[in-house]
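# Per-entry structural report
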Amino acid sequence: MTTPTRLFDFPYFQLEKFNLQKALNTKKDGKWEATSTQEYVDKANMVSRALLRLGVKKNDKIALISSTNRTEWNIMDIGILQIGAQDIPIYPTISAEDYKYVLNHSESIYCFVSDQEVLDKVLEIKDETALKDIFSFDHIPGCKHYSELFNIGADDSNQSEVESLKDSISPDDLATIIYTSGTTGRPKGVMLTHDNITSNVLDTVDRLPQIGNNSKVLSFLPICHIFERVIIYIYQYSGFSMYYAENLEKIGDNAREIQPIFMTVVPRLLEKVFDKIHAKGEELTGIKKALFFWAISLGEKWEPYGKNGWWYETQLKVARKLIFSKWQAALGGELISMVSGSAPLQPRLARIFGAAGMPVMEGYGLTETSPVVSVGQLADNNYKIGTVGKPIPRVEVKIAEDGEILVKGPNIMKGYYKDPERTAEVMTGDYFHTGDKGIIDEDGFLKITGRKKEMFKTSGGKYVIPALLENELKQSRFIEQIMVVGEGEKMPAALIQPNFEFVRDWAKLKNVNVGTTNEELVACQEVNDRIQKEVDKCNAQFGKWEQIKRFELTPDTWSIEGGQLTPTMKMKRDIIKGIYQNLYDRIYR
């Protein structure tokens with residue numbers, strides 16, 4: 001059995017080793033629709049044959065835009081790649097204007113969309129692109145359905161051409177171009193080869209808990225992002241049955257249905273899960289409420305590997321039986337572990353979920369690193385809260401003199417598409433400059449300390465690292481988003497988006513009138529005073545020059561649609577400052 005060296009090798013590897021009856025599972029019309037490994041491979045070959053008959057050639061580009069993860073995406077992925085073409089995954093939530101930029105910059109000739117909303121955005125700009133046609137995964141009047149490819153490719157007389165093209169594809173050949181959702185300017189097209197991604201899959205797979213094949217896993221993070229895409233290939237290589245959540249709101253329902261043993265998450269999701277659990281705890285009374293908050297207090301002190309001693313572990317067994325078992329049941333009851341990426345995870349949350357028997361391994365990487373650089377692992381004492389684990393095999397990490405994290409390995413991108421200048425800016429020899437700052441501790445664990453470019457100087461010449469303050473304050477349940485500002489100003493300050501749902505619950509308990517609108521809530525003096533307490537608590541941990549001297553509350557929720565966040569939920573700092581220029585001026589002017 002040959003180890004995969006190209007991305008389209010993974011389903012064939014799975015077919016030979018596991019041959020699952022339920023390899024890919026998507027819910028349609030209220031029922032889970034299963035695709036076997038054999039059907040997966042057969043349909044991918046039909047897609048390849050059809051694309052060749054439609055005139056697609058090696059190195060042509062085909063765009064994939066899907067609002068949710070679904071089986072059709074995987075079939076198209078393999079069907080495109082095994083004829084030497086490249087797929088261009090596009091975030092569904094970006095604007096039609098950004099669609100136009102990516103489609104034109106990549107020179108995509110076909111586009112596959114998931115639903116009416118995405119189709120409408122593509123149709124808006126189609127005439128300004130080189131697209132020959134659009135196909136849809138949903139049945140939409142007036143749009144070709146992607147199953148038409150199965151009809152075109154049903155005749156297997158050109159399968160020999162598919163096989164010849166597969167044989168001609170080298171691990172070093174370009175596989176995909178992923179456009180990063182940059183916080184400033186136009187997105188950059190990151191060129192990733194088959195070997196970039198395949199090596200990352202094979203070097204990361206042992207960091208997952210050792211769970212048997214045929215186990216169920218739940219997927220909901222966007223597959224167009226390299227983090228979830230690599231996980232999908234890992235699942236295929238490991239013989240797991242993948243289930244795609246219907247949407248973010250249905251994650252709990254879907255988890256209870258299928259009882260997954262593993263899933264990937266982002267910190268914001270865990271924050272929302274915990275907030276809901278906490279709100280239910282507030283509604284309890286008497287001994288039940290006391291036990292609930294005793295368990296949380298215990299969880300906040302959790303350390304892995306029984307480091308807190310036998311008495312703590314004895315109490316923890318009681319807490320797990322009485323309280324935490326209900327949390328586990330809410331996510332299916334079988335969850336062994338989770339992996340978190342894309343943003344820093346609050347250590348407090350890592351402890352609480354670890355205490356609840358659902359430890360969260362934090363990882364680190366970028367699109368340009370395919371993406372995994374390091375990730376925690378519960379086995380072999382390779383897990384430490386507050387770090388992103390140790391580098392994976394074959395990936396070398398070193399810290400530059402200015403604290404920047406530099407990475408070298410087979411996972412480093414081929415470069416930015418059509419942009420050799422920007423490629424040169426981020427490479428020194430074989431080392432990629434991540435733009436992140438970090439340290440490697442005495443045990444070899446990598447810890448992220450902030451973004452190199454986001455560090456700023458106040459007018460007094462003092463350096464401030466916003467991420468350190470932001471990560472500390474985001475642990476407050478009163479604060480959903482925070483951006484520290486003050487470059488060139490006399491003092492650091494902050495723009496804060498309150499956790500509106502939590503603040504309203506708090507106000508109800510405290511008989512505080514916060515009105516009915518967000519505008520009234522952020523103007524409420526009691527709310528501002530309460531958040532000031534959170535800021536004061538944070539400030540006590542920092543030097544005087546770093547402390548947040550003033551803040552303003554924003555009246556709306558920061559979102560991708562609102563323009564404040566990228567599709568990977570990172571803050572667009574310049575955009576946020578522009579949106580709230582009046583609040584910024586109120587602080588400093």
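Just above sits the structure.
The following paragraphs examine the structure supplied in this document. Along each chain, residues carry numbers from 1 onward, in the same order as the chain's sequence is written. Side-chain atom pairs in this predicted model are given and counted only at pLDDT of 80 or more, local residue features only at pLDDT of at least 70, and totals for whole chains, interfaces and linings cover all residues. Heavy atoms throughout the structure, all of them, feed into the side-chain values; hydrogens and water do not.

## Quick look at the side chain of E271
In DSSP terms, a helix is any run of H or I states spanning at least four residues, a strand is any run of E spanning at least two, and both are numbered starting from the N terminus. Following the sequence through the fold, E271 ends up in helix α11 (residues 267-283). The definition of a polar contact used here is a pair of N or O atoms within 3.5 Å, where within protein one atom must be able to donate a hydrogen and the other to accept one, and adjacent residues in sequence count solely through side-chain atom pairs. Of note is the side chain of E271, whose polar atom sits 3.3 Å from the side chain of Q346. The contact definition used throughout considers only heavy atoms, calling two residues in contact when any of these lie within 4.5 Å. Filtering out sequence-adjacent residues up to four positions away, E271 remains in contact with Q346, L349 and K474.

## With respect to the nonpolar core
Nonpolar cores are built from buried Ala, Val, Leu, Ile, Met, Phe, Trp, Tyr and Cys residues. Side-chain atoms within 4.5 Å join them into one set. The buried label applies to any residue whose accessible area, calculated with a 1.4 Å probe on protein chains only, is under 20% of its type's maximum; exposed applies above 50%, and partly exposed to all values in between. Counting residues in hydrophobic clusters, the biggest one holds 120 residues, and the most contacted among them are F112 and W327. The biggest single contributor to this core is helix α9 (residues 226-238), with eight residues. Contact partners of F112, with chain neighbours within four places excluded, come to I62, A63, L64, I65, M76, F135, F137, Y146 and L149. Residues L469, I496, F502 and L553 belong to the second largest nonpolar core, which totals 28 residues.

## Describing the packing of helix α4 (residues 96-106) against helix α5 (residues 116-125)
Axis definition: a line fitted to C-alpha atoms, limited for helices to the stretch in contact. Angles are taken between N-to-C directions and run from 0 to 180 degrees. Following both chains from N to C, one finds α4 and α5 inclined at 65 degrees, their axes separated by 9 Å at the closest point. Considering their axes alone, α4 and α5 lie roughly perpendicular with respect to each other. Where α4 crosses over α5, the handedness of that crossing is right-handed. Contacts between α4 and α5 involve A96, Y99, K100 and L103 from the former and V118, K121, V122, E124 and I125 from the latter. Residue polarity follows a fixed list, in which Ala, Val, Leu, Ile, Met, Phe, Trp, Tyr, Cys and Pro are nonpolar, Asp, Glu, Lys and Arg are charged, and the others, Gly among them, are polar. Split by residue class, the contact of α4 with α5 holds six nonpolar, no polar and three charged. In these notes the angle categories are as follows: under 35 degrees is roughly parallel, over 145 is roughly antiparallel, 65 to 115 is roughly perpendicular, and the rest is oblique. Handedness of a crossing is defined here by the sense of rotation of the near helix relative to the far one, left-handed for an anticlockwise turn of less than a right angle and right-handed for a clockwise turn.

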